[in-house]
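Here is how the chains run, residue by residue.
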Amino acid sequence: MDEIPRQALKGRGAISNMTSRYEREARVLADDGWGENEAVTETVPTQVFDDTARSVLSKNTSPDVIFERSVNPYRGCEHACIYCFARPTHAYLGLSPGLDFETKIFRKARAAELLAVELRAKSYRCQPLALGANTDPYQPIEREQRITRAVLEVCRDFNQPVMIITKSALVLRDLDILAPMAAKGLVNVALSVTTLDRDLARRMEPRASTPQRRLAAMRELTAAGVPGAVLASPMIPGLNDHELEAILTAAAEAGATQANYILLRLPLEIADLFEEWLREHAPNRADRVLSLIRQCREGELYQSQFGSRMKGSGPVAELLSRRFKLACRRLGLNARDAALNCADFRPPPARGDQLTMF
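Residues numbered from 1 in each chain as written. Predicted model: local features only at pLDDT ≥ 70, side-chain atom pairs only at ≥ 80, totals over all residues. Heavy atoms only, no water.

Undergrad: When you look at the overall build of the protein chain in this model, what are you seeing that I'm missing?
TA: Along its length, the protein chain carries 12 helices and 10 strands. Dimensions of the protein chain along its principal axes, counting C-alpha atoms only, are 80 × 45 × 35 Å. Considering the protein chain as a whole, with its 358 residues, one finds that 51% of them fall into the buried category. When the accessible area of the protein chain is evaluated, it comes to approximately 17,700 Å², of which 50% is carbon and sulfur surface. Computing the positive centroid from 48 side-chain charges and the negative centroid from 45, the protein chain places the two 7 Å apart. (Helix = DSSP H or I, 4+ residues; strand = E, 2+ residues; numbered from the N terminus. Buried < 20%, exposed > 50% of the residue type's maximum accessible area, 1.4 Å probe, protein only. Areas by Shrake-Rupley, 256 points an atom, 1.4 Å probe, with all protein chains shown as cover. Lys, Arg positive; Asp, Glu negative; His and termini not counted. Charge placed at Lys NZ, Arg CZ, Asp CG, Glu CD.)

What follows is the structure, encoded as structure tokens:
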């Protein structure tokens, strides 16, 4: 795990490759003076590795998350969102939650094959699957890997309902699968829109689709009959929270019928990574933003308690919650039932199955 100079790199979110919590030794940079006044031109290419997982269905037991099962085709995410709550998972691989997380991506090449096996298990009981609950299923390498598409083909064949969470317009590539599934009540797509400011988005989530392209994707999806939701997440007090109503309005105009938001979460290594980013990209706001976050977390940068971890507490968090509810009421968001259809789940015949007479 190589340390990278603490300076913003083009197309990357993290400023450093800080040591993970499992490393026994920490690495720090020391300036010997030889590189003074030299321009930093170093770039960090994306590397793709194989993930040898023998199962792709993940189980969630958190009471404040709406799904119990999820599928994540990739570990790590090239979108490089500095706030991503999945960053600490790279520490389990002996890698940094910093630049390693966004440059060392692990693909689950057999995800579709493994999913089909697990859906055929006699013990499986159909329930909606979340696709991309941890890392984005439509991150840039999906264009070539097509693992997410293969997973969707399995869901289509089994009539398995699925919830997609993404911040990429690449989801439109699979409209030929999504539209027929939507007609059966088997899919909805939630597009994450953190800000409408292209410059802020470029710095905060550098390799994701621009906010305008995400809204255009929402418009095209809903026009094709695919139910759309907007995730105005994360809301960062003092940085993007003033855009909440504008984001919800733009999404509603694009056809979204559901909405949610999450207050910025900074567990484990993310707190230091985010502060590094903040002091590099918004130095004049850094102290105020961190102060407002602490006001929402009882003096801490993060609290992990179920329920409060998503929305926070205190006057700043309560005001954000009230604004969200009022905007949703005004825009007609969350007024419809968004339940998916689990009744039609049927494993298709497998090779070698005996045909029935009826």
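Undergrad: Sorry if this is basic, but what is going on with the confidence of the model for the protein chain here?
TA: Predicted coordinates in regions of low pLDDT should not be interpreted in detail. On average, residues of the protein chain carry a pLDDT of 91, and 91% of them reach 70 or more. Under a pLDDT of 50 for its full length, residues 1-5 has, in the predicted model, 27 contacts with residues more than four places off or in other chains. A low-confidence stretch, residues 37-41 stays under pLDDT 50, and its non-local contacts, those more than four residues away or across chains, total two contacts. (pLDDT = per-residue confidence, 0-100. Contact = heavy atoms within 4.5 Å.)

Undergrad: Would you mind showing me how to read the packing of helix α9 (residues 270-281) against helix α10 (residues 286-296) here?
TA: What describes two packed helices is the angle between their axes and the distance between those same axes. Relative orientation of the contacting elements α9 and α10 amounts to 145°, with a least axis distance of 9 Å. Contacts from Phe274, Glu275, Leu278 and Arg279 of α9 reach α10 at Ala286, Asp287, Val289, Leu290 and Ile293. Looking at the contact of α9 with α10 residue by residue, the classes come out as six nonpolar, no polar and three charged. (Axes fitted to C-alpha atoms, helices over the stretch in contact; angles between N-to-C directions. Nonpolar A, V, L, I, M, F, W, Y, C, P; charged D, E, K, R; others polar.)

Undergrad: Could you clarify how one ought to interpret the UniProt feature "domain: Radical SAM core" (unreviewed entry) in the protein chain in this entry?
TA: Summarizing the sequence annotation, UniProt attributes the feature "domain: Radical SAM core" (unreviewed entry) to residues 60-300 in the numbering used throughout. The span residues 60-300 carries 39% helix and 15% strand; its end-to-end C-alpha distance comes to 26 Å. (UniProt positions renumbered as here; feature names shortened; annotations may be inferred.)

Undergrad: What am I meant to see in the pattern of salt bridges here?
TA: If charged atoms from side chains of opposite charge come close, those side chains can pair. For the structure on display, the rule yields 19 salt bridges. For the salt bridge of Asp199 with Arg202, the shortest nitrogen-to-oxygen distance reads 2.6 Å. In this pair, Asp199 and Arg202 are both assigned in helix α6 (residues 198-204), three residues apart and thus about one turn of the helix distant. Given the relative accessible area of 35%, Asp199 is considered partly exposed. Here Arg203 and Asp199 are joined by a salt bridge, their closest N and O atoms 3.0 Å apart. Note that Arg203 and Asp199 are positioned in helix α6 at a spacing of four residues, about one turn of the helix. The network of salt bridges with shared partners includes Glu142, Arg149, Glu153, Arg173, Asp174 and Asp176. (Salt bridge = Lys/Arg side-chain N within 4 Å of Asp/Glu carboxyl O.)

Undergrad: Honestly, the side chain of Asn188 in this entry has me stumped. Any pointers?
TA: Assignment of secondary structure puts Asn188 in strand β8 (residues 187-192). Setting aside its immediate chain neighbours within four residues, Asn188 contacts Val162, Met163, Ile164, Pro227, Ala338 and Leu340.

Undergrad: Is there a simple way to think about the sheet that holds strand β4 (residues 74-75) in this case?
TA: What the three strands build is an open sheet, ordered β1-β5-β4; its pairing is mixed. For this open sheet the edge positions go to β1 (47-50) and β4, each flanked by a neighbour on one side alone. Relative to strand β5 (residues 104-107), β4 is paired through two bridges, and the arrangement is antiparallel. The partner of Arg75 across the bridge, within β5, is Phe106. (Pairing = 2+ DSSP bridges.)

Undergrad: Can you walk me through unusual backbone geometry in this structure?
TA: Leaving glycine aside, a negative phi is the common case for residues, and trans is the common case for peptide bonds. Cis geometry marks the peptide bond from Ser233 to Pro234; its omega dihedral reads -5°. Within the fold, Pro234 resides in strand β9 (residues 228-235). Positive phi is not limited to glycine here, since Asn334 has a value of about 65°. Mapped onto the elements, Asn334 comes out in the segment after α12 (315-331).

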